[in-house]
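Close look at the chain arrangement
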Amino acid sequence: MSSEEPSQNPTNPEDQSQNEEGSTKKLSKKEAAKLERLRKRQEAAAAASAATNVSSMALDAADPLAENYGETPLDDLKSKEISGRKWTEVKELNEELKDQVVLIRGRCQAIRAVGKKMAFVVVRERGFTVQCVLTVTPDVVSVPMVKFATSLSRESIVDIEGVISVPATTIKGATQQVEVQVRKLYCINKAIPTLPINIEDAARSEKEIEKALQAGEQLVRVNQDTRLNFRVLDIRTPANQGIFRIQCQVENIFRQFFLSEDFVGIHTPKLMAGSSEGGSAVFRLDYKGQPACLAQSPQLHKQMAICGDFGRVFEIGPVFRAEDSFTHRHLCEFTGLDVEMEIKEHYSEVMDIVDRLFVTMFDSLNDTCRKELEAIDTQYPFKPLKYLRNTLRLTFEEGVQMLKEAGVEIDPLGDLNTESERKLGQLVLEKYDTEFYILHRYPLAVRPFYTMPCYDNPLYSNSFDVFIRGEEIISGAQRVHVHEYLTERAQACGIDVKTISTYIDSFRYGAPPHGGFGVGLERVVMLFCALNNIRKSSLFPRDPQRIAP
């Protein structure tokens, strides 16, 4: 398959610019120096904070309520004991728990003092937030306890025990519409005082930034390079929490669907003696003195599994492409969702599976991931994907004709470029009201060596691609299962047959007609959520210029 202004943050994101459509730039000496200055400022701030804490502890030593708050000693966090206490997840806090005592753990997202006797702490846990209130009360909350709460740094992890109350007005700064009246507050782990990026800034939408600019206010825009450099902070935002929970569901739906269709899950090697699909886009390495490379796909081994009588197989695993593709949709490493199956009569049997899989997947995501989709939509607004109950199928020739009628000339025996794919997606949407469709019978010349030609025209092949919102997500086909012809096709494509001899030999022992497809997990998530860059749907992306963090 062929297979992202000035900142108020110390890192100055403007100095680490990146086009949303491109890939990551290496840090210049100037940028590296800025990061070093940031590190020194953070160390100084941490030292100052530690000194403040020492003096505060001395002042608060006489507080009779001192046991109700403070920093938890490290020894108590070394699996010292099992207390039997029960923590309630923030997302479970609701009006039904009114007047009940709860214990929660989360991060301090926002801290606000109201004089010396009152403070608000917004606690976040896995994307859900609740407002916690400290009010000086005899025998419950002291002035030093409020002072301790306001001294905590953002993103510090705390345990809070308190009573649930239901305010009369809507709480705008939290997802949960209840408050926790704090009785006890313990810091489990303190974040450094000055963060490289603020979660509030990272969670801000472009619409919000533009609206502020129109009103004469300048908000921080955290660009993509900065996000990826400090990814551990960036993925704490509600939108990112939603993206990667949806990604988990896509993988889970894929697995469960194929298990229910009597497929067998397999694991194939990622170290190859030769290239799995030919060409130069492979990561080459030395394997105990022998030339080797990282697998471009599990293609050869999943076909060998079919030759081994598994009948139907699937795999979820890493795929490596050494292409210098500086685009919004290519990565050097991604997670492949691969399928291979016996064919009884026609390669449409494989397309039938694709049809059922994705309609099932889209239905399930829309039904079970509503909160995640809402969180993504808040930061990255998008329209729900349009798809049909029975997926549209067009031949490559029909697609070329639609483009021709729209004034776009395409080589009938060539491949579609990115611009043509998007244009065809637009035409399909206008004519058929769907953003998800299958294009099949591609020209043989643009497909891999193991693709079966059409019976009625050897210039075309029994192959297909699948598109979402005008971009390709799947390549699939019926495979050549006759070893003589497979050898001939490999040689014609410039592949050294000796490097894939074990693969070729598998077909000498009798192989059933079969076919399959591969899809990139990150690309499915990117296009389902209409994200503008695949790096947003890759937890720690690897592109031609990024191999960290």
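Note that the structure is a prediction, hence the values are computed from the model and not measured.

The next point concerns the confidence of the model for the chain. With 90% of its residues at a pLDDT of 70 or more, the chain shows a mean pLDDT of 91. Across residues 1-24, where pLDDT falls below 50, the model places 104 contacts with residues more than four positions away in sequence or in other chains. Contacts from residues 54-59, a stretch scored under 50 in pLDDT, to residues over four places away or in other chains number two contacts.

What follows covers unusual backbone geometry. Across the junction of Ala 548 and Pro 549, the peptide omega takes the value 0 degrees, indicating a cis bond. Along the chain, the position of Pro 549 falls in the segment after helix H15 (521-528). One non-glycine residue, Asp 433, lies in positive phi territory at about 60 degrees. Looking at the secondary structure, you find Asp 433 in the loop between helix H12 (418-432) and strand S14 (436-440). The class for Asp 433 is partly exposed, based on a relative accessible area of 44%.

Going through the model one piece at a time under the given rule, you end up with 36 salt bridges. Among the ionic pairs, Asp 75 bridges to Lys 78, the shortest N-O distance being 3.3 Å. By relative accessible area, Lys 78 is classed as exposed at 53%. Here Arg 356 and Glu 261 are joined by a salt bridge, their closest N and O atoms 3.1 Å apart. In this pair, Arg 356 sits in helix H9 (residues 348-368) while Glu 261 sits in the loop between helix H7 (238-260) and strand S7 (264-265), placing the two residues 95 residues apart along the sequence. Residues joined in a network through salt bridges with shared partners are Lys 302, Asp 338, Glu 340 and Arg 479.

This part takes up the packing of H9 against helix H10 (residues 370-379). With their axes 5 Å apart at the nearest point, H9 and H10 run at an angle of 80 degrees to one another. Judged by the angle between their axes, H9 and H10 are roughly perpendicular. Contact with H9, carried on its side by Leu 365, Asn 366, Asp 367 and Thr 368, involves Arg 370, Glu 372 and Leu 373 of H10 and no other residues of that element. Looking at the contact of H9 with H10 residue by residue, the classes come out as two nonpolar, two polar and three charged.

If you trace the three strands from one edge of the open sheet to the other, you get S8-S10-S9, paired in antiparallel fashion. Here the strands that pair on one side only, and so sit at the sheet edges, are strand S8 (271-272) and strand S9 (284-287). Sheet analysis places S8 next to strand S10 (residues 290-294), joined by two bridges and oriented antiparallel. Paired with Met 272 across the two strands is Cys 293, which belongs to S10.

Another point: the environment of Val 133. Locating Val 133 in the fold gives a position in strand S4 (residues 128-135). In sequence terms Val 133 and Val 163 are 30 residues apart; their C-alpha atoms lie 9.9 Å from each other. Every residue in contact with Val 133, bar those within four places of it in the chain, is listed here: Met 118, Ala 119, Phe 120, Glu 179, Val 180, Gln 181 and Val 182.

Attention shifts here to the side chain of Thr 268. Relative to the helices and strands, Thr 268 resides in the loop between S7 and S8. Residue classification places Thr 268 among the buried residues on the basis of a relative accessible area of 11%. Side chain to side chain, Thr 268 and Lys 270 meet in a polar contact 3.1 Å long. Within the local environment of Thr 268, its side chain forms a polar contact with the side chain of Glu 315, the two groups lying 2.7 Å apart.

Attention shifts here to the layout of surface pockets. By volume, the largest pocket is sized at about 1,200 Å³. For the lining of the largest pocket, the leading source of residues is H10, giving six residues. For the lining of the largest pocket, the class distribution of residues is 13 nonpolar, 13 polar and 15 charged.

Moving on to the sheet that holds strand S12 (residues 333-342). Spatial strand order, S7-S11-S12-S17-S16-S15-S14-S13: eight strands in an open sheet with mixed pairing. The two strands at the open ends of the sheet, each matched to only one other strand, are S7 and strand S13 (392-395). Where strand S11 (residues 312-320) meets S12, nine bridges bridge the pair, whose relative direction is antiparallel. Pairing of Val 313 across the sheet is with Glu 340, part of S12. Sheet strands in contact with H9 are S11, S12, S13, S14, strand S15 (463-468), strand S16 (471-478) and strand S17 (514-520), and its direction is about 35 degrees off that of S17.

We now examine the nonpolar core. In summary, soluble globular proteins display a tendency toward joint burial of nonpolar side chains. Counting residues in each nonpolar core, the largest one holds 56 residues, and the members touching the most others are Phe 258, Phe 358, Phe 464, Ile 473 and Phe 517. Take this core: its biggest share by element is ten residues, from H9. Residues in contact with Phe 358, not counting those within four places in the same chain, are Phe 436, Ile 473, Ile 474, Val 519 and Val 524. Counting 27 residues, the second-largest nonpolar core is a separate cluster that includes Val 90, Ile 104, Val 130 and Cys 187.

Glancing now at the pairing of S17. Across the seven residues of S17, seven count as buried, placing the element largely inside the fold. Strand direction decides the pairing type here: S12 and S17, joined by seven bridges, are antiparallel. In the strand pairing of S17, Glu 340 is matched with Gly 516. Pairing between S16 and S17: five bridges, direction antiparallel. Looking at the pairing, Ile 474 lines up with Val 519 of S17.

Next up on the list: helix H11 (residues 396-405). Side chains that are three or four residues apart share a direction in an α-helix, a result of its 3.6 residues per turn. Residues of H11 that are buried: Phe 396, Gly 399, Val 400, Met 402 and Leu 403. Along H11, the residues classed as buried sweep out an arc of 160 degrees about the axis, all on the same side. Lining the buried residues of H11 we find S13, H12 and S14. With its phi angle positive at about 90 degrees, Gly 407 sits one or two positions after the end of H11.

Quick look at the packing of aromatic side chains now. Enumeration over the complete set of coordinates arrives at 17 aromatic pairs. Seen from their ring centres, Phe 258 and Phe 517 are 6.4 Å apart, and the 50 degrees between their planes marks the pair as tilted. Placement of the pair is Phe 258 in helix H7 and Phe 517 in strand S17, with a sequence separation of 259 residues. For the residue pair Phe 258 and Phe 517, the accessibility class agrees, reading buried in each case. Considering the side-chain rings of Tyr 437 and Phe 467, the 5.2 Å spacing of their centres and the 15 degrees angle between planes classify their relative orientation as stacked.

Analysis parameters
Note on numbering: residues in each chain are counted from 1, in written sequence order. Side-chain atom pairs in this predicted model are given and counted only at pLDDT of 80 or more, local residue features only at pLDDT of at least 70, and totals for whole chains, interfaces and linings cover all residues. Heavy atoms from the whole structure form the basis of all side-chain values; hydrogens and water molecules are not counted. Per residue, pLDDT measures the predictor's confidence, with a range of 0 to 100. Contact criterion: two residues are considered in contact whenever any of their non-hydrogen atoms come within 4.5 Å of each other. Note on conventions: DSSP H or I runs of at least 4 residues are helices, E runs of at least 2 residues are strands, and numbering of each starts at the N terminus. Under the scheme applied here, a residue whose accessible area is under 20% of the maximum for its type counts as buried, over 50% as exposed, and between as partly exposed, the area being computed with a 1.4 Å probe on protein chains only. By definition, a salt bridge exists where a carboxyl oxygen of Asp or Glu is found within 4 Å of a side-chain nitrogen of Lys or Arg. Fitted lines through C-alpha atoms give the axes, limited to the stretch in contact for helices. The angle between two N-to-C directions lies from 0 to 180 degrees. Roughly parallel means an angle under 35 degrees; roughly antiparallel, over 145; roughly perpendicular, 65 to 115; everything else is oblique. Classification used: nonpolar for Ala, Val, Leu, Ile, Met, Phe, Trp, Tyr, Cys and Pro, charged for Asp, Glu, Lys and Arg, polar for all others including Gly. Pairing between two strands is assigned when DSSP locates at least 2 bridges connecting them. What qualifies as a polar contact is a pair of N or O atoms within 3.5 Å, subject to a donor-acceptor requirement within protein and to the restriction that residues adjacent in sequence count only when both atoms come from side chains. A cavity, in this analysis, means grid points on a 1 Å lattice covering only the protein atoms where a 1.4 Å probe fits yet has no way out; a pocket is instead an open set bounded by protein on both sides within 12 Å along at least five of seven lines, and a residue lines either one if it has an atom within 4 Å of a point. Grid points are joined across faces, edges and corners, and a volume is the space filled by probe spheres set on the points. For our purposes a nonpolar core is just a set of buried Ala, Val, Leu, Ile, Met, Phe, Trp, Tyr and Cys residues, chained together by side-chain atoms within 4.5 Å. Comment: arc refers to directions from the helix axis out to C-beta atoms. Stacked, tilted and edge-to-face pairs are distinguished by plane angle, under 30 degrees for stacked and over 60 for edge-to-face with tilted covering the rest, among Phe, Tyr and Trp rings (Trp via its six-membered ring) whose centres lie within 6.5 Å.

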